[in-house]
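Given next are the chains, with one letter for each unit.
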Amino acid sequence: MRWRLIIEDGVSDSYGLAADEGLAHRVGHDQSIPTLRLYTYRSYSALVGRFQTIENELHGDFCRKNDVAINRRPTGGGAIIMGEDQLGIALTIPGKAEDTYGRARELMERFAAGVIQALRSLSIQSGFRRKNDLEVNGRKIAGLGIYRDVSGGLLFHASLLLDMDISLMLQILNTPFEKTSDKGFRTIEARIETIRHAIGRSISMEEVREKMAEAYARTFGVEFLNEEFAPDEI
């Protein structure tokens, strides 16, 4: 079986999200084969989940003053920041009649298997925890989400932390902790894991993407075709 692999860097918030939603729509209508998209956003974008209220989740004034783009994912989950050190993972695949939101956790566990295997190849042991997180020793390393398009196409989203500027994160996201508080910084730092911290060395985004593509190919028994978006898709 062949799937498409699309790799992009530094995309805008609107393009990044529209491309994922568009792929889910096309896959559902049998206009595209299943596609794995591994990409990074332009630094920085603040993305809220499908059902969140932007004003409650983000420090809007800070975002506007510092050119942090704001947008909304079609998938659920919490607010995140994305940039050059956070890998966006989007898998679009045809859904089945039984693939409803009532099975969201089961679907996320299935589609996150590639992420778990990729991390394992880097000697990072992760597991599915809480509602929609991948954790390493109780610390979040990736957030997960799922969306079902009206066409029946499924979109699995993951945001994987290669690295994270926690001080900036606290200024963008509206957390329960004071953004200038040392306690707030230490609390968030204790809850978040990054690939670079977990393996104790520098690693490039390119290497992480290679591991991710290899892991998805093994996990789902597929061969990837390296492609770009066709003109009609754009």
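Before reading on, note that the structure itself is shown above.
Structure report, in brief. (Residues numbered from 1 in each chain as written. Predicted model: local features only at pLDDT ≥ 70, side-chain atom pairs only at ≥ 80, totals over all residues. Heavy atoms only, no water.)

## Describing the nonpolar core
In this structure, Ile-89, Ile-141, Phe-156, Leu-160, Ile-195, Met-212 and Tyr-216 are the most contacted members of the largest nonpolar core, which totals 42 residues. No other element matches the seven residues that helix α9 (residues 205-220) contributes to this core. Setting aside anything within four residues of it in sequence, one finds Phe-156 in contact with Ile-89, Ala-90, Leu-91, Met-108, Phe-111, Ala-112, Leu-144, Gly-145 and Tyr-216. (Core = buried A, V, L, I, M, F, W, Y, C linked by side-chain atoms within 4.5 Å. Buried < 20%, exposed > 50% of the residue type's maximum accessible area, 1.4 Å probe, protein only. Helix = DSSP H or I, 4+ residues; strand = E, 2+ residues; numbered from the N terminus. Contact = heavy atoms within 4.5 Å.)

## Regarding the sheet that holds strand β10 (residues 153-161)
In spatial order, the strands read β7-β8-β9-β10-β6-β2-β1-β11; together these eight strands make up an open sheet with mixed pairing. Because the sheet does not close on itself, it has two edges, and the strands there are β7 (127-129) and β11 (223-226). Taken over all neighbouring pairs, the strand axes of this sheet differ in orientation by 25° on average, direction set aside. By the bridge criterion, six bridges tie strand β1 (residues 2-11) to strand β2 (residues 35-41) in an arrangement that is parallel. Each residue of the ladder has a partner; that of Glu-8, found in β2, is Tyr-39. Most of the contacts of helix α4 (residues 104-111) go to strand β9 (residues 139-148), to which it runs at about 115°, and overall it touches β6 (86-94), β7, β9 and β10. (Pairing = 2+ DSSP bridges. Axes fitted to C-alpha atoms, helices over the stretch in contact; angles between N-to-C directions.)

## Observations concerning the pattern of salt bridges
In this structure the tally under the stated criterion is 14 salt bridges. Across the salt bridge formed by Arg-209 and Asp-9, the nearest N and O atoms sit 2.9 Å from each other. With Arg-209 in helix α9 and Asp-9 in strand β1, the pair connects residues that are 200 residues apart, well separated along the chain. Assessed through its relative accessible area of 8%, Arg-209 is described here as buried. When salt bridges that share partners are traced, they join Arg-4, Arg-26, Glu-227, Asp-232 and Glu-233 into one network. (Salt bridge = Lys/Arg side-chain N within 4 Å of Asp/Glu carboxyl O.)

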